[in-house]
Amino acid sequence: QVQLVETGGGLVQAGGSLRLSCAASGRTFSSYAMGWFRQAPGKGREFVAAINWSGAITNYADSVKGRFTISRDNAKKTVYLQMNSLKPEDTAVYYCAAGTPYGSIRRLDDVRSWGQGTQVTVSS
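Residues numbered from 1 in each chain as written. Predicted model: local features only at pLDDT ≥ 70, side-chain atom pairs only at ≥ 80, totals over all residues. Heavy atoms only, no water.

Colleague: Got a sec to walk through the environment of Trp-114? Specific residues and values, please.
Modeller: By secondary structure assignment, the location of Trp-114 is in strand β10 (residues 113-114). The class of Trp-114 is partly exposed, set by a relative accessible area of 32%. If we skip the residues at most four places from it in the chain, Trp-114 touches Leu-4, Phe-37, Arg-45, Tyr-95, Cys-96, Ala-97 and Leu-108. (Helix = DSSP H or I, 4+ residues; strand = E, 2+ residues; numbered from the N terminus. Buried < 20%, exposed > 50% of the residue type's maximum accessible area, 1.4 Å probe, protein only. Contact = heavy atoms within 4.5 Å.)

Colleague: Describe unusual backbone geometry, naming the residues involved and giving the relevant values.
Modeller: Excluding glycine, a negative phi dihedral is what most residues carry, and trans is how most peptide bonds are arranged. Positive phi is not limited to glycine here, since Lys-77 has a value of about 55°. Taking the relative accessible area as the measure of exposure, Lys-77 reaches 28% and is therefore partly exposed. Phi angles above zero are rare outside glycine, and Tyr-102 is one such case at about 60°. Judged by its relative accessible area of 57%, Tyr-102 is exposed.

Colleague: A description of the packing of aromatic side chains should follow, citing residues and the corresponding values.
Modeller: Working definition: an aromatic ring pair is given by the centre-to-centre distance plus the angle between the planes. Counted by the stated rule, this structure contains 4 aromatic pairs. Aromatic side chains Phe-37 and Phe-47 sit 5.7 Å apart centroid to centroid with 80° between the ring planes, which places their arrangement in the edge-to-face category. Residue Phe-37 is located in strand β4 (residues 32-39), and its partner Phe-47 is located in strand β5 (residues 45-51); the two are separated by 10 residues in the primary sequence. Residue classification places Phe-37 among the buried residues on the basis of a relative accessible area of 1%. (Phe/Tyr/Trp six-rings, centres within 6.5 Å; stacked < 30°, edge-to-face > 60°.)

Colleague: Talk me through the sheet that holds strand β8 (residues 78-83); I want residue IDs and the actual numbers.
Modeller: Reading across the sheet, the 4 strands line up as β1-β3-β8-β7 and stay open at both edges, with antiparallel pairing between neighbours. Of all strands in the sheet, those bounded by a partner on one side alone are β1 (4-7) and β7 (68-73). Taking the axes of each pair of neighbouring strands and ignoring which way they run, one obtains an average angle of 15° across the sheet. Pairing between strand β3 (residues 18-24) and β8: 6 bridges, direction antiparallel. Within β8, the position partnered with Leu-18 by the bridge is Met-83. (Pairing = 2+ DSSP bridges. Axes fitted to C-alpha atoms, helices over the stretch in contact; angles between N-to-C directions.)

Limitation: the analysis is restricted to geometry and does not speak to function.
What follows is the structure, given as structure tokens:
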């Protein structure tokens, strides 16, 4: 099982940018689908973005498409979420997620490991 640690959250004004990082442990990181989810106060955890094992395939929630970019560096065992044009409604705790080897992530059920979460707050 892979262990995940997120960094990079913080407070930013609307229209600003942040980059989240997720460092993973484990020898087989390069085979795992990886993703990001978020949970706003009083709401359920929702899918944000995912990337396949090679980085060739990505998918995004409609609410972030065109503003967020997911990427990975398998040599560094790290996955990133670049967030641009941030809006107050992007405020949430963001969680890094690992799926199955050579699989995909689109739903909560696809996740096998979670990070501890990092807070992102966007002020208006």
